Amino acid sequence: MINKQKDSLFIKAALSQPTERPPVWMMRQAGRFMKEYWNIKNRYSFLEMCKTPEIAADVTMLPVDLLGIDAAILFSDILVTAEAMGGKLSFTQGVGPRFSNPVRNLRDVESLETAVTDKLQYVAEAIKVIQQRLDGKLPLIGFAGAPFTVMSYLVEGGSSKDFKLTKLMLHNEPQLAHQLLSKIAEVTTAYLNLQIEAGVNAVQIFDSWAMALAWDDYKEFSHQYISKIIAGLNRQDIPVISFCKGSSVFATLMAEAKPDVISVDWNADLLTVKKSLPAGIAVQGNLDPHILYADKKVIKERILRLYRNMKEENGFIFNLGHGIMPDLPFGNVKYAVDVIKNELE
Ligand code: CP3
């Protein structure tokens, strides 16, 4: 497979090749901070949006058309794999994701299916529609959740502040946890290969809640599975981005899984992280998304500060340390993209 976007700013930076400026995209760039998103969202449920290729494509294209970012990201969710495995998933406004049949014991784990790519064909269809719309102008990023983060939703039955039940399973029933993580990892590998086959130009693995884990637990229950997933991808020149909250602590370990890019949260000095990594691993990040609430002169100043810190390095992708918040002013997000594209000095 040849990456048709190999000459794009984004793929070049992801592969640590020189670029005239760093590319920019933002996690959760298609979402509730856009009134155009609400126009669609008011008519369909979130899962309907994900599962209807034309709608998923419409939403994917919003930040391409309205923000002018350098890469599109598939509109979907990390929990669609868990749903395909048998999780009864719903999304409720103000509550977030819920699984009404949480996975808590051996019987629950054994009942989860792993041959589920057929049920995820709607994602392949969406990717094909999006690639037609993009028409070769920009790369498309596919994604999946990392096993630990997906496990946490299945075990808790939804979002959690402290991951109490999930961590209790890791600590008291490590074998059961490994059985669950192995199943999720198997599905995730097949799912990312389905996306690559359907035509994405890069993939990102989201381990949003890794920062809840101690070093040894991260190694045993998260890192190990991410390594297996990356090793199992039929990816040739399709770059892999590894994201976690907590990457400022785990970056050197994350590098051992051999991603092309590590996406870094805002706690760390990005240049220090970059220099701690083996040559050839790019970094993505790491503006505090809260900067985008601030005055425009502050937004510009912080962007320039990050750029000046990183400008001698190949392999730098501008992004936030985590996703865009739903109440961020659209104009501020757009301003940040414009500064990165036109005013770096
Ligand atoms: O980045 C993008 O624009 C692509 C689309 C995308 C979504 N979710 C859309 C979405 C991506 C990459 C995700 C990943 C995702 N989903 C993660 C990892 C990234 C991260 O933010 O840490 C996680 C943990 C989830 C699980 C999830 N999905 C949660 C916790 C929620 C509720 C969030 C909330 O603030 O209510 C979702 C729902 C979700 N996923 C929305 C969107 C646009 C909001 C749905 C709505 O409109 O109500």
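Quantities reported herein were computed from a predicted structural model and do not represent experimental measurements. (Residues numbered from 1 in each chain as written. Predicted model: local features only at pLDDT ≥ 70, side-chain atom pairs only at ≥ 80, totals over all residues. Heavy atoms only, no water.)

1. Quick look at helix α8 (residues 147-156)
Okay, so step 1: The element α8 is extensively covered by neighbouring structure, given that ten of its ten residues are classed as buried.
Okay, so step 2: Here α8 has its buried residues at P147, F148, T149, V150, M151, S152, Y153, L154, V155 and E156.
Okay, so step 3: Positive backbone phi, approximately 85°, marks G157, located one or two places after α8. (Buried < 20%, exposed > 50% of the residue type's maximum accessible area, 1.4 Å probe, protein only. Helix = DSSP H or I, 4+ residues; strand = E, 2+ residues; numbered from the N terminus.)

2. Quick look at the packing of helix α7 (residues 121-134) against helix α10 (residues 174-198)
Okay, so step 1: At their nearest, the axes of α7 and α10 sit 9 Å apart, and the two run at 30° to each other. Judged by the inter-axis angle, α7 sits roughly parallel to α10. Like other packed secondary-structure pairs, α7 and α10 cross with a definite hand, here right-handed. On α10, the residues that touch Q121, V123, A124, I127 and K128 of α7 are Y191, L194, Q195 and A198. (Axes fitted to C-alpha atoms, helices over the stretch in contact; angles between N-to-C directions. Parallel < 35°, antiparallel > 145°, perpendicular 65-115°, else oblique. Left-handed = near helix turned anticlockwise from the far one by under 90°. Contact = heavy atoms within 4.5 Å.)

3. Some details on the sheet that holds strand β1 (residues 72-73)
Okay, so step 1: Spatially, seven strands are ordered β1-β4-β5-β6-β7-β8-β9 in an open sheet, and the strand pairing comes out parallel. With partners counted over all chains shown, the strands left at the sheet margins are β1 and β9 (316-320), one partner each.
Okay, so step 2: Across two bridges, β1 lies against strand β4 (residues 140-145) in parallel orientation. Opposite A72, over in β4, you have L140 as the bridge partner. (Pairing = 2+ DSSP bridges.)

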